[in-house]
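Inside the fold
Residues per chain are reported as follows:
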Amino acid sequence: MTRLTSLQGSFRAYVLRARLLDEGFDVELRGALDSAYGLTVGDMARIDVYVPGDQLEEASMVLLVNEVDEVDERFDDDRPPRGTGRHVSGRVVAALILFVLIAGPVAQVLRWY
């Protein structure tokens, strides 16, 4: 068995394992699987995904396709990009409110002189 990749946390490892199994690969997970401590950060949460050496190249392609699918899902929505449109941003509203709160009392003080 040859290491294909390493992941943090068992959920991602099980999802990748299911995808590889569905594609017909033999998969073995090693590492912090279902530990009593439930570590999710750092080397103690690392899970290594192993496949047979003769399946490594094809499994790498599935891994690449999986990463491309994840990136594609991030950009696959019908909403316009942030910052476009005619809505007023929160910073502009906050600046106007701050100006009114400061300018009002200053104008009152200057009017007395």
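Residues numbered from 1 in each chain as written. Predicted model: local features only at pLDDT ≥ 70, side-chain atom pairs only at ≥ 80, totals over all residues. Heavy atoms only, no water.

Where nonpolar side chains cluster on the molecular surface, the patch consists of V93, I97, L98, L101, I102, V106 and L110 and spans about 670 Å² of accessible area. Inspection of the secondary structure puts I102 in helix α3 (residues 90–112). (Patch = residues over 30% accessible without salt bridge, like charges linked within 9 Å, V, L, I, M, F, W, Y side chains within 5 Å. Areas by Shrake-Rupley, 256 points an atom, 1.4 Å probe, with all protein chains shown as cover. Salt bridge = Lys/Arg side-chain N within 4 Å of Asp/Glu carboxyl O. Helix = DSSP H or I, 4+ residues; strand = E, 2+ residues; numbered from the N terminus.)

This next bit is on the nonpolar core. Nonpolar side chains tend to gather and get buried jointly when the protein is soluble and globular. The biggest cluster of nonpolar side chains holds 14 residues, and the ones touching the most others in it are L4, L20, V27 and V49. Mapped by element, the contributors of at least two residues to this core are β1 (2–8), α1 (10–22), β3 (46–51) and α2 (56–75). Dropping the residues within four chain positions of it, L4 is found in contact with L20, V49, Y50, V51, L56, A59, S60 and L63. (Core = buried A, V, L, I, M, F, W, Y, C linked by side-chain atoms within 4.5 Å. Buried < 20%, exposed > 50% of the residue type's maximum accessible area, 1.4 Å probe, protein only. Contact = heavy atoms within 4.5 Å.)

Structurally, T5 can be placed in strand β1. Taking the relative accessible area as the measure of exposure, T5 reaches 15% and is therefore buried.

Overall, the coordinates contain 0 aromatic pairs when judged by the stated rule. One cation-aromatic arrangement involves R30 over Y50; the distance from NZ or CZ to the ring centre is 4.0 Å. (Phe/Tyr/Trp six-rings, centres within 6.5 Å; stacked < 30°, edge-to-face > 60°. Lys NZ or Arg CZ within 6 Å of the ring centre and 35° of its normal.)

This paragraph deals with the sheet that holds β3. Spatially, β1-β3-β2 is the arrangement adopted by the 3 strands of the open sheet, whose pairing is antiparallel. Taken across any chain shown, the strands that pair with only one partner, and hence form the sheet edges, are β1 and β2 (28–31). Strand-to-strand, the axes of this sheet are offset by a mean angle of 30°, without reference to chain direction. Pairing analysis gives 4 bridges linking β2 to β3, with the strands arranged antiparallel. (Pairing = 2+ DSSP bridges. Axes fitted to C-alpha atoms, helices over the stretch in contact; angles between N-to-C directions.)

What follows covers the pattern of salt bridges. In total, this model carries 2 salt bridges according to the counting rule given. A salt bridge links R30 to E28; the shortest N-O distance between them is 2.6 Å. For E28, a relative accessible area of 31% puts it in the partly exposed group. Salt-bridge contacts for D48 lead to R46; the nearest nitrogen and oxygen are separated by 3.2 Å.

Of note, Q55 is situated in the loop between β3 and α2. Given the relative accessible area of 16%, Q55 is considered buried.

Here the focus is a negative patch on the surface. Taken together, D26, D54, E57 and E58 make up a surface patch of like negative charges. Looking at the element boundaries, D54 is found in the loop between β3 and α2. For D54, a relative accessible area of 64% puts it in the exposed group. (Lys, Arg positive; Asp, Glu negative; His and termini not counted. Charge placed at Lys NZ, Arg CZ, Asp CG, Glu CD.)

Another point: α1. The end-to-end C-alpha distance of α1 is 18 Å, a good match for the 18 Å that 13 residues give at a rise of 1.5 Å each. Residues of α1 that are buried: A13, L16 and L20. Relative to the axis of α1, the buried residues are bounded by an arc of 70° and lie together on one face. Pointing more than 90 degrees away from the buried face of α1 are the exposed residues F11 and D22. Immediately downstream of α1, the backbone of G24 shows phi near 100°, a positive value. (Expected span 1.5 Å × (residues − 1). Arc of directions from axis to C-beta.)

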